[in-house]
Amino acid sequence: MKIYKSSSFVIVKNCVYALFGGAAAALIASIWLDWQVAAAIGGGLCLLMLYFALFGDRISICIDGDSVRILRGQKVKQAFLLSQVELSAHIKTVDSDSDCTLTARYPDNSTKSIDCTMLGRARFLRLLDDLGVTNQPVKIPTQINKS
């Protein structure tokens, strides 16, 4: 059995974003509101973002033979057999931040997307290797010269 868990680096990075996001929200709110109200808004936003970074968005993916389980916290959010789905992946990287998505297509053509961003790019790529999702087509951005 292989288990892929959220990257500590991504968790810490999201916590830092939460602190700066809360401070920015408080600063902006203080333009129109009393400083105590602005601080409460910024603090509340910071706590909400910290909750998602530390608990809400954490992901674990367990691969046991043909069985795959996706857990958020301790709850199984999705489970499937590799032999019954077609998997594809999408990685979008902007300024060294990568959004990683795994998509499962079922025999009835329904799809489920799994946000794997909290794994981090390197773990996500190892997960794809273990799932056999390799050698996918790569989109290369092109620029058309209109002169």
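Counting of residues starts from 1 at the beginning of each chain's written sequence and follows it residue by residue. Reporting in this predicted model follows two pLDDT cut-offs: at least 70 for local features of residues, and 80 or more for side-chain atom pairs to be given and counted; totals over whole chains, interfaces and linings ignore these cut-offs and use all residues. Each side-chain value is worked out from all heavy atoms of the structure, with water and hydrogens disregarded.

## Quick word on the environment of alanine 39
And step 1. Secondary structure elements follow DSSP: runs of H or I of four or more residues count as helices, runs of E of two or more count as strands, with numbering from the N terminus. Looking at the element boundaries, alanine 39 is found in helix 2 (residues 35–56).
And step 2. Think of it in three bands: with a 1.4 Å probe and only protein chains considered, a residue is buried below 20% of the maximum accessible area for its type, exposed above 50%, and partly exposed in between. With relative accessibility at 40%, the residue alanine 39 sits in the partly exposed group.
And step 3. C-alpha separation for the pair alanine 39 and cysteine 15, spaced 24 residues apart in sequence, amounts to 18 Å.

## Description of helix 3 (residues 121–131)
And step 1. Listed in full, the buried residues belonging to helix 3 are Phe124, Leu127, Leu128 and Leu131. Buried positions in helix 3, seen along its axis, are confined to an arc of 100° and lie on one side of it.
And step 2. Throughout, a contact is declared for two residues whenever any of their heavy atoms are within 4.5 Å. For helix 3, the elements touching its buried residues are strand 1 (2–5), strand 2 (59–64), strand 3 (67–72), strand 5 (86–94) and strand 6 (97–105).
And step 3. Looking at the residues trailing helix 3, positive phi occurs at glycine 132, about 85°. This arc corresponds to the set of directions leading from the helix axis out to the C-beta atoms.

## Describing the nonpolar core
And step 1. Only buried residues count toward a nonpolar core, which is a set of Ala, Val, Leu, Ile, Met, Phe, Trp, Tyr and Cys residues joined through side-chain atoms within 4.5 Å. If you look at the biggest cluster of nonpolar residues, it comprises 29 residues, and the most contacted ones within it are Ile61, Phe80, Leu87, Cys116 and Leu131.
And step 2. Residue assignment for this core shows that the elements contributing at least two residues are helix 1 (8–29), helix 2, strand 2, strand 3, strand 6 and helix 3.

## What to know about the sheet that holds strand 7 (residues 111–115)
And step 1. By the convention used here, strands pair only if DSSP detects at least 2 bridges between them. If you walk across this open sheet you meet the 3 strands as 5-6-7, and the pairing is antiparallel. In this open sheet, the two strands that pair with only one neighbour each are strand 5 and strand 7. On average, each strand axis in the sheet is inclined to that of its neighbour by 20°, with strand direction left out of account.
And step 2. The pairing of strand 5 with strand 6 spans 9 bridges and is antiparallel. Following the sheet pairing, threonine 93 is matched in strand 6 by serine 98.
And step 3. Here, axes are lines fitted to C-alpha atoms. For helices the fit covers the stretch in contact, and angles between N-to-C directions go from 0 to 180 degrees. Sheet strands in contact with helix 3 are strand 5 and strand 6, and its direction is about 160° off that of strand 5.

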